[in-house]
Amino acid sequence: MAQISVRRGVFFVVVLLTLALAGLFAGMVVLMNVQPGFLGMAHFTELHHRIHDLSFAFLNATTTVGMLAQLRRPVRNVASQLMALVPFAALLLSVVLTNWSVLSPPWLLVGAAAVLATMLHPAGDPLRSFSLPRADRTMLALIGIAAVPLLAFAFTNVGLQRVGAGDHAQLGHYGYMAALSFTVIVVGALASLRPDGWRLVAWVAAALPASLGVASLVYPDVASALSLPWAIVAIAWGVPFVARVEILARHDSTTARADA
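> Give me the lowdown on the overall build of the chain, citing residues and values where you can.
A count of helices and strands for the chain gives nine helices and zero strands. Here the chain, with 260 residues, has 47% of them falling under the buried criterion. Considering only contacts in the chain between residues 6 or more positions apart, those separated by 24 or more positions represent 78%. Surface accessibility of the chain: about 12,700 Å² in total, with carbon and sulfur atoms responsible for 71%. Of note, the chain has its 15 positive side-chain charges centred 12 Å away from the centre of its 10 negative side-chain charges.

What follows is the structure in structure tokens.
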């Protein structure tokens, strides 16, 4: 019993550490915008990097949301813990497919902390939360539809990152865009399998492409911005996905009350 209590305490310390690291790096970006040249870095304040910077922020936010969910009833939020790992894995995949320019100390530190938290998670083996009968075919189908343009977008950016021309590639930004595409697919698929705490994960899966779509509408002429039709599609795709999520969540709630 004492070992379980100690393990749980260490888990929460690691969760807080992960959140602190993610918050630190987010705060540094804010300071770079408020005080250009902070720590000798200026590209976070340059408009032509805006879509890339925001995409990195979306990846960081995905991990942050997943870890925040662990502060309350972590056993019921295994899906969010797994979601927190996805951006890290997606960025590693981008490195494998492109080059070392995508490597970044901030996400390496945040990712390593998230991995450690998963190893210490009170639920134990996360795979125990998965059950194939719980998977939703409609959500999987919607993710399958989205995966086609997302993979095309990802590998377009993989090609640009491999070429290595220009400051975008030198800073690993095209790799971030590829990682964002991979993250949407994996987070959406994770939510579709409906492990414990899947609803929040599903909302994040819908929010990520919508956020990129909105950013593209705000900064249409910036590198890696989606064209107007694709920006609208990215925003609109989340509507049926979230609608299906809420239908299932309401059904689960009704069933739980009936069984009580």
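> If you had to explain the environment of Ala61 to someone new, which residues and values would you point to?
Looking at where Ala61 falls in the secondary structure, it is placed in helix α2 (residues 50-68). The sequence separation of Ala61 and Pro87 amounts to 26 residues, and the corresponding C-alpha distance is 9.5 Å.

> Just give me the short version of the packing of α2 against helix α8 (residues 198-218), but keep the residues and values in it.
Remark: α2 packs on α8, axes separated minimally by 11 Å, with the N-to-C direction vectors making an angle of 170°. Regarding the angle of α2 to α8, the classification is roughly antiparallel. Along the contact surface, α2 presents Ile51, Leu54, Ser55, Phe58, Thr62 and Val65, while α8 presents Leu200, Val204, Leu208, Ser211, Leu212, Ala215 and Ser216. Considered class by class, the residues forming the contact of α2 with α8 number nine nonpolar, four polar and no charged.

> Could you give me a rundown of a nonpolar patch on the surface, with the residues and numbers involved?
Side chains of Leu92, Trp100, Leu103 and Leu108 sit close together on the surface and give an oily, nonpolar patch of about 390 Å² of accessible area. Positionally, Leu108 belongs in helix α4 (residues 105-119).

> Which residues make up the layout of surface pockets, and what are the values?
One number sums up the size of the second largest pocket: a volume of about 380 Å³. Taken together, 19 residues line the second largest pocket, and the ones lying closest to its centre are Pro149, Leu150, Leu226, Trp230 and Ala234. The class makeup of the residues in the lining of the second largest pocket is 17 nonpolar, two polar and no charged.

> Any details on empty space enclosed by the protein? Residues and values, ideally.
Per the stated rule, a full pass over the model turns up one cavity of 30 Å³ or more. By volume, the largest cavity amounts to about 130 Å³. As for the largest cavity, its lining consists of 13 residues, and the residues nearest its centre are Asn60, Thr63, Leu91, Trp107 and Val110. Put simply, the parts of the chain that give the lining of the largest cavity at least two residues each are α2, α3 (78-97) and α4. Grouping the constituent residues of the lining of the largest cavity by class yields ten nonpolar, three polar and no charged.

Quick notes on the rules
Numbering of residues begins from 1 in every chain and follows the order in which that chain's sequence is written. Confidence filtering applies because this is a predicted model: local features only for residues at pLDDT of at least 70, side-chain atom pairs given and counted only at 80 or more, and all residues used for totals across whole chains, interfaces and linings. As a rule here, side-chain values cover all heavy atoms of the structure and leave hydrogens and water aside. We count a stretch as a helix when DSSP gives it H or I for four or more residues in a row; a strand needs E for two or more, and each element gets its number in order from the N terminus. Any residue under 20% of the maximum accessible area for its type is buried, any over 50% is exposed, and the rest in between are partly exposed; the area is computed with a 1.4 Å probe on protein chains only. Note on contacts: a residue pair qualifies if any of its non-hydrogen atoms lie within 4.5 Å across the two residues. A 1.4 Å probe and the Shrake-Rupley method give the accessible areas. Residues count as covered only by the protein chains that appear here. As used throughout, the charge tally considers Lys and Arg to be positive and Asp and Glu to be negative, leaving His and the chain termini uncounted. Charged side chains are reduced to one point each, which is NZ for Lys, CZ for Arg, CG for Asp and CD for Glu. As a rule, the C-alpha atoms of each element are fitted with a line to give its axis, helices using only the stretch in contact, and angles between N-to-C directions run from 0 to 180 degrees. Should an angle fall under 35 degrees it is taken as roughly parallel, and over 145 as roughly antiparallel, whereas 65 to 115 is taken as roughly perpendicular and any remaining angle as oblique. Under the convention adopted here, Pro, Cys and the residues Ala, Val, Leu, Ile, Met, Phe, Trp and Tyr are nonpolar, Asp, Glu, Lys and Arg are charged, and Gly plus all remaining residues are polar. Like-charged residues are merged into a patch within 9 Å and nonpolar side chains (Val, Leu, Ile, Met, Phe, Trp, Tyr) within 5 Å, provided each residue has over 30% relative accessible area and no salt bridge. Only one rule defines a salt bridge in this text: a Lys or Arg side-chain nitrogen within 4 Å of an Asp or Glu carboxyl oxygen. Two kinds of site are reported from a 1 Å grid over the protein atoms alone, namely cavities, where a 1.4 Å probe fits but cannot get out, and pockets, open sets with protein on both sides within 12 Å along at least five of seven lines, and residues are called lining when an atom falls within 4 Å of a point. Grid points are joined across faces, edges and corners, and a volume is the space filled by probe spheres set on the points.

Shape descriptors only; they carry no functional weight alone.
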